[in-house]
Amino acid sequence: MKKIFTKILLIAVAAGSATFSQAQTGTGSGAEAIGSGTSTGVTVPGVQALLDQQFSYNITTATGSVGNAGIVHLGTEFWVAKWQSDTVWVLDNTGNLVSSFFVPLGVGGGIRALTTDGNVVYASQNGPDIVVIDKVTKMVTGSIPVPALGFSIRSLTYDPTADGGAGGFWVSNFGTSIVQVDMTGGTLNTITAGTHGLAGMYGTAVDNISSLGAQYLWVFDQPANPGATLWQIDVATGTQTGVTLDVNLTLGYAGLAGGVCIATGIAAQPSLCALVQQTPNSIEGFELPLPVGLTETGNASDISIFPVPATDYIYFMINDLNAGLLNVEVFSVTGQLVTSFASADKKITVATGDFAPGVYTVKISDGVSESSRKFMVK
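Residues numbered from 1 in each chain as written. Predicted model: local features only at pLDDT ≥ 70, side-chain atom pairs only at ≥ 80, totals over all residues. Heavy atoms only, no water.

Asker: How should the overall build of the chain be read in this particular structure?
Answerer: Helix and strand counts for the chain come out as 4 helices and 29 strands. A total of 378 residues make up the chain; the buried ones form 54% of that total. Within the chain, contacts between residues at least 6 apart in sequence are counted, and of these 53% link residues at least 24 apart. Surface summary for the chain: the accessible area is close to 14,500 Å², and the carbon and sulfur share equals 53%. (Helix = DSSP H or I, 4+ residues; strand = E, 2+ residues; numbered from the N terminus. Buried < 20%, exposed > 50% of the residue type's maximum accessible area, 1.4 Å probe, protein only. Contact = heavy atoms within 4.5 Å. Areas by Shrake-Rupley, 256 points an atom, 1.4 Å probe, with all protein chains shown as cover.)

Structure representation (structure tokens):
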């Protein structure tokens, strides 16, 4: 991955002086932005590592819509939410429209964020609850009240490692603390606004992929209107790592930060997918680095993996390796061998029900060549 040495100007909304409101942005996209307020410029020192761009999807051309904000990746498709209408667009992994549906949440003026645990989809609507949506029927099946936050939930991301592996969420609003809650809405952890230092947060995504042992949050922040900057937050310390990407500077237009999610299976490496609210709206995919020592090998087409993330089982379809007896090894993110066996089938099934949540590597060899791929267990 190329490294670019830059200084990024973070326009931070001064404490106590900002008022957050729904607003039309200068992009003309009907996007949702932070309100006006007194701002000060803060220079962020050090090395800023810009992630290599993998793809760019014009979703306004695909959907005929602007003002989209929430985004989640479900293995073979994206769900993208239009924030003032509760309309959800279903796009395939190449950005083409598959279908759309309506989720009548009613309160809060539309979906702001989407996330998934692999089984169901969760939505936030700038209100006090996390809404549960069935992936198949696309109907609301329940909600998780989060009454103790002191703010409405705009940004939402599922964390499979929360609560000792029972799962939970990180939630926030523009300039609030980032709070981790369990599956019943109880508070587990808090990263205060003064610690993370961001004042225009819109989208957040948990990153258990790009580091050995460490966990990160990627926050898509609106440092100005318009503004779209990705920041990496170290969960252990709650502070910025210094790894950041000014999306507008990189892509050369004046967009506004929206939702963000992590996707696997679109490119050879995992993708950090940022939804930019501009005219047109777009999904921008940026390469996430894989942990040192666990780099994927072989052609991306050698092995197909589903579902992503895995729950009870993971399936590997062998496409390009030679037929015959295959040696299969699965390693944890720390390099520990979890299981190994031989298979004569081109469709290999691995039971993952007893695997701890996290990222794993499968290595498959036909005796002549070897391919390795990463996958996640929730």
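Asker: Looking at this structure, I do not really get the layout of surface pockets. What am I missing?
Answerer: Empty space among the atoms becomes visible once a probe the size of a water molecule is rolled across them. Looking at the largest pocket, its volume works out to about 620 Å³. If you trace the largest pocket, you find 28 residues lining it, with G75, T264, G265, I305 and V308 closest to the centre. When contributions to the lining of the largest pocket are tallied by element, the ones reaching two or more residues are β23 (303-306) and β29 (370-377). Of the residues belonging to the lining of the largest pocket, the class tally is 12 nonpolar, 11 polar and 5 charged. (1 Å grid on protein atoms, 1.4 Å probe; cavity = no way out; pocket = protein on both sides within 12 Å on 5 of 7 lines; lining within 4 Å. Points joined across faces, edges and corners; volume = space filled by probe spheres on them. Nonpolar A, V, L, I, M, F, W, Y, C, P; charged D, E, K, R; others polar.)

Asker: Mind showing me how you'd approach the sheet that holds β23 here?
Answerer: Strand pairing in a sheet takes place through backbone hydrogen bonds and is either antiparallel or parallel in direction. Across the sheet, 3 strands lie side by side as β23-β24-β27; this open sheet has antiparallel pairing. A single partner strand is all that each edge strand has here, and the edge strands are β23 and β27 (347-351). With direction set aside, neighbouring strand axes in the sheet form an average angle of 20 degrees. (Pairing = 2+ DSSP bridges. Axes fitted to C-alpha atoms, helices over the stretch in contact; angles between N-to-C directions.)

Asker: How do you make sense of the pattern of salt bridges when you look at a structure like this?
Answerer: Close approach of charged atoms lets side chains of opposite charge pair. Summed over all chains, the structure comprises 2 salt bridges. Residue E32 pairs with R112 through a salt bridge whose shortest N-O separation is 2.8 Å. In this pair, E32 sits in the loop between β1 (8-13) and β2 (39-44) while R112 sits in the loop between β7 (97-102) and β8 (113-116), placing the two residues 80 residues apart along the sequence. Residue E32 is classed as buried on the basis of its relative accessible area, which comes to 0%. E32 is paired through a salt bridge with R154; the nearest N and O atoms lie 2.6 Å apart. Of this pair, E32 sits in the loop between β1 and β2 while R154 sits in the loop between β11 (140-145) and β12 (155-159), and the two are 122 residues apart along the sequence. In this pair, the class of E32 matches that of R154, namely buried. One connected set of salt bridges, linked through shared partners, spans E32, R112 and R154. (Salt bridge = Lys/Arg side-chain N within 4 Å of Asp/Glu carboxyl O.)

Asker: Would you take a moment to explain the sheet that holds strand β9 (residues 120-124) for this structure?
Answerer: The antiparallel open sheet is built from 4 strands, whose spatial order is β8-β9-β10-β11. Unpaired on one side and paired on the other, β8 and β11 mark the two borders of the sheet. Neighbour-to-neighbour, the strand axes of the sheet open up by a mean angle of 25 degrees, direction not taken into account. Across 4 bridges, the pairing between β8 and β9 is antiparallel. Each residue of the ladder has a partner; that of L114, found in β9, is A123.

Asker: I would appreciate a short explanation of the state of the cysteines in the present structure.
Answerer: Here a disulfide denotes a covalent bond joining the sulfur atom of one cysteine to the sulfur atom of another. Scanning the entire structure with this criterion turns up 0 disulfides. Take C261: it sits in no disulfide, and the sulfur closest to it among the cysteines is that of C273, at 4.6 Å. Taking relative accessible area as the criterion, C261 reaches 7% and is therefore assigned buried. Overall, C273 belongs to the buried group, its relative accessible area being 0%. (Disulfide = S-S within 2.5 Å.)

Asker: Please explain the pairing of β27 as it appears in this structure.
Answerer: On any regular strand, side chains alternate: one points to one face of the sheet, the next to the other face. The alternating pattern of β27 places I348 and V350 on a buried face, while none of K347, T349 and A351, on the opposite face, is buried. Relative to β27, strand β24 (residues 313-318) is paired through 5 bridges, and the arrangement is antiparallel. Note that in β27 the partner of I314 across the bridge is V350.

Asker: I tried to follow empty space enclosed by the protein on my own but got confused; where do I start?
Answerer: Using the criterion set out here, one finds 2 cavities of 30 Å³ or more in the structure. In this structure, the largest cavity encloses a volume near 460 Å³. Of all the secondary-structure elements, those providing two or more residues to the lining of the largest cavity are β4 (68-73), β8, β12, β16 (201-207), β20 (256-263) and β29. Class assignment for the residues of the lining of the largest cavity results in 20 nonpolar, 8 polar and 4 charged. Approximately 40 Å³ is the volume attributed to the second largest cavity. Among the elements of the structure, β4, β8, β12, β16 and β20 are those that each provide at least two residues to the lining of the second largest cavity. Here the lining of the second largest cavity is composed, by residue class, of 5 nonpolar, 5 polar and no charged.

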